[in-house]
Amino acid sequence: MDIRLENVGIAVRDIEEAVSFFTDLGLTVLGRDTVSGAWADTAVGLDGNNAKIAMLQTPDGAGRLELFEYLHPDAIETEPTLPNEIGMHRVAFQVDDLDAALAIAARHGCEPLRGVAQYEDVYRLTYLRGPSGIIVMLAQDLRRNPA
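Residues numbered from 1 in each chain as written. Predicted model: local features only at pLDDT ≥ 70, side-chain atom pairs only at ≥ 80, totals over all residues. Heavy atoms only, no water.

(A) Spotlight on the nonpolar core. F22, L67, V136 and L138 are the most contacted members of the largest nonpolar core, which has 26 residues in total. Broken down by secondary-structure element, the contributors of at least two residues to this core are α1 (15-24), β3 (50-57), β4 (64-72), β5 (91-94), α3 (98-107) and β8 (135-141). With near-sequence residues (within four places) excluded, L138 lies in contact with L25, F93, V95, L98, A101, L102, R124, L125, T126 and L128. (Core = buried A, V, L, I, M, F, W, Y, C linked by side-chain atoms within 4.5 Å. Buried < 20%, exposed > 50% of the residue type's maximum accessible area, 1.4 Å probe, protein only. Helix = DSSP H or I, 4+ residues; strand = E, 2+ residues; numbered from the N terminus. Contact = heavy atoms within 4.5 Å.)

(B) Seen up close, the layout of surface pockets. Approximately 630 Å³ is the volume attributed to the largest pocket. Around the largest pocket, the lining comprises 23 residues; the ones closest to its centre are I10, A11, V12, T78 and S132. When residues of the lining of the largest pocket are traced back to their parent elements, those giving at least two are β1 (8-11) and β4. Residues that form the lining of the largest pocket fall into these classes: 11 nonpolar, 6 polar and 6 charged. Volume-wise, the second largest pocket comes out at about 500 Å³. Forming the boundary of the second largest pocket are 23 residues, of which T58, D60, G63, A92 and F93 lie nearest the centre. The dominant element in the lining of the second largest pocket, judged by the number of residues it contributes, is β5, at 4 residues. In terms of residue class, the lining of the second largest pocket is made up of 12 nonpolar, 6 polar and 5 charged. (1 Å grid on protein atoms, 1.4 Å probe; cavity = no way out; pocket = protein on both sides within 12 Å on 5 of 7 lines; lining within 4 Å. Points joined across faces, edges and corners; volume = space filled by probe spheres on them. Nonpolar A, V, L, I, M, F, W, Y, C, P; charged D, E, K, R; others polar.)

(C) Representation of the pattern of salt bridges. Per the counting criterion, the structure on display carries 8 salt bridges. Put simply, D99 and R124 hold a salt bridge, and the shortest N to O gap is 3.2 Å. Of the two residues, D99 sits in helix α3 while R124 sits in strand β7 (residues 123-129), which places them 25 residues apart along the sequence. With relative accessibility at 46%, the residue D99 sits in the partly exposed group. When its relative accessible area of 12% is taken as the criterion, R124 is described as buried. A cluster of three or more residues bridged by salt bridges with shared partners is formed by R4, E6 and R64. (Salt bridge = Lys/Arg side-chain N within 4 Å of Asp/Glu carboxyl O.)

Structure follows, in structure tokens:
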């Protein structure tokens, strides 16, 4: 059986805020829509499902991120996850310039959870809270792009 990762889906409070954040980091919007109806109810498992969605893609075309903002049923607020909690953990991106990516994130009010770490001479990386409390890992491969 052939299998590949299609995308990672993340529910957000404000789709415009989330799209702005991720497009500023370099992703592109492939499409937007509002989904509802019996097919959406069946696929998602929620009656009366109605959501705004946006599909984004990394510049290399290898990764996709689907963002959705529920209009119905009402979105359920939860506490943002911690790195050691079971469940959806984070979305990770490799960037050419970590400092530039952090400057973009800061314009959106997003700062590292605890600074920038360096793993040997291999990676500089950090976790930060993105829109809707999403944990976003940004990593710079020092073997490709020295700091």
